[in-house]
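Notes for the structure review
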Amino acid sequence: MLIQIAILLAGLALIVLGAEALVEGASAVAKKAGISDFVIGLTIVGMGTSAPEMVVSFTGAVKGIPDIALGNIIGSNIFNTLLILGLTALLMPIGITNENRKRDIPMNILITVLLLALGLSKMFFGIGENNLSRIEGGILVAIFVVYMVFSFKQGTNNGEASKEEKPEEGHKEPGVFLSLLMIVGGLAALIFGGDKFVDSATWIAETAGLSEKFIAITILAGGTSLPELATCIVAAAKKKGQLALGNILGSNIFNILLILGGSAMICPLSMANINLIDAGVLFLSSILVLLASFLWDRNKIDRIDASTMLICFVAYMTWLFMSI
């Protein structure tokens, strides 16, 4: 058991370090291309910090463990919004722009609803099966490609590109070659660490008599969400709320469209073990961000909004542990 726990921690360390290298390298390349702060968070940083989820879910799909792939993503999106965004806004209220309110937040809700409608069609509509087929996975991936192209065009055409962002004193951006090296090295660490992390977590879950779904929604989701947590806390400390919000929305969208879509294309994913509570909390997490943009201080995710998110997260985790 101790050996497996050590492997689990080592795998997690590789995932976090790999994600950090990937994010820094990718962000440096993005800044040189003149992309806005929010769009960097939504796309480059969002994708980079979601790379651990991608590795874990793809590995789970390849190994025929759908509960790992699904539980990891559903759990990660819940962690991202309720815990990480909640903690970040509690430390430093996050400003919301009109574009966030009209486009980015509704997009997050629509994609969440699309996932639940496709994957839980039998539960909600009494038709088909509660699974994501290869065709449905392909639809999600196609939407991801269109959305990313649109986001990059918006980010480069609206003139917001990182002009306000000043490099930290004493901090020098890596050159293009070093940035590319960091991207490749980060991906390698993510792939190797993710493989070991999944193997160890699955072994520990089975030994402890826990379901794969439970371990995926708690340990795997929490562990692979650490890059988002670190990124958002640093962003809050530097008063870069748009980068933090973009990171969370981008990670959630990336998780559903590319990671779950890609996982379903590798191996159709059964969602039979996802119940109404799991689906309801996932949907609620996306709705709470929208409500935050209209209630109390409508231009911020303030501390009242943050406290509501954290209370919902604690309630869900308590329910999960009581359901063991």
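Residues numbered from 1 in each chain as written. Predicted model: local features only at pLDDT ≥ 70, side-chain atom pairs only at ≥ 80, totals over all residues. Heavy atoms only, no water.

**Here we look at the overall build of the protein**
Helix and strand counts for the protein come out as 13 helices and four strands. For 324 residues, the compact-globule estimate of 2.2 N^0.38 gives 20 Å, and the protein sits close to it at 19 Å. Referenced to the eigenvectors of the C-alpha coordinate spread, the extents of the protein come out at roughly 50 × 45 × 35 Å. When each of the 324 residues of the protein is scored for burial, the buried share is 53%. Within the protein, contacts between residues separated by at least 24 positions form 84% of all contacts whose residues are at least 6 apart in sequence. On the protein, the mean spot of the 20 positive side-chain charges and the mean spot of the 24 negative ones are 7 Å from each other. (Helix = DSSP H or I, 4+ residues; strand = E, 2+ residues; numbered from the N terminus. Rg over C-alpha atoms; globule rule 2.2 N^0.38 Å. Buried < 20%, exposed > 50% of the residue type's maximum accessible area, 1.4 Å probe, protein only. Contact = heavy atoms within 4.5 Å. Lys, Arg positive; Asp, Glu negative; His and termini not counted. Charge placed at Lys NZ, Arg CZ, Asp CG, Glu CD.)

**Some words on a nonpolar patch on the surface**
A surface patch of nonpolar side chains, about 520 Å² in accessible area, is lined by Met1, Leu2, Ile5, Leu9 and Trp203. Assignment of secondary structure puts Ile5 in helix H1 (residues 2-32). Residue Ile5 is classed as partly exposed on the basis of its relative accessible area of 34%. (Patch = residues over 30% accessible without salt bridge, like charges linked within 9 Å, V, L, I, M, F, W, Y side chains within 5 Å. Areas by Shrake-Rupley, 256 points an atom, 1.4 Å probe, with all protein chains shown as cover. Salt bridge = Lys/Arg side-chain N within 4 Å of Asp/Glu carboxyl O.)

**Notes on helix H13 (residues 303-322)**
When the terminal C-alpha atoms of H13 are compared, their 28 Å separation across 20 residues agrees well with the 28 Å that a helix rising 1.5 Å per residue should span. Along H13, the positions that sit buried rather than exposed are Asp305, Ala306, Met309, Leu310, Cys312, Phe313, Tyr316, Met317 and Leu320. An end-on view of H13 places all buried positions within 160° of arc, on one side of the element. Facing away from the buried side of H13, by more than 90 degrees, are the exposed residues Ile311 and Met322. (Expected span 1.5 Å × (residues − 1). Arc of directions from axis to C-beta.)

**Overview of the side chain of Ser286**
Inspection of the secondary structure assignment puts Ser286 in helix H12 (residues 276-292). Not counting residues within four places of it along the chain, the set of residues in contact with Ser286 comprises Asn108, Ile109 and Thr112.

**Re the packing of helix H3 (residues 51-62) against helix H4 (residues 66-91)**
Two elements in contact, H3 and H4, have axes whose closest approach is 7 Å; the angle formed by their N-to-C orientations is 155°. Classified by the angle between their axes, H3 and H4 sit roughly antiparallel to one another. Across from Glu53, Val56, Ser57, Gly60 and Ala61 in H3, the residues of H4 making contact are Ile68, Ala69, Asn72, Ile73 and Ser76. Across the contact of H3 with H4, the residue classes tally to five nonpolar, four polar and one charged. (Axes fitted to C-alpha atoms, helices over the stretch in contact; angles between N-to-C directions. Parallel < 35°, antiparallel > 145°, perpendicular 65-115°, else oblique. Nonpolar A, V, L, I, M, F, W, Y, C, P; charged D, E, K, R; others polar.)

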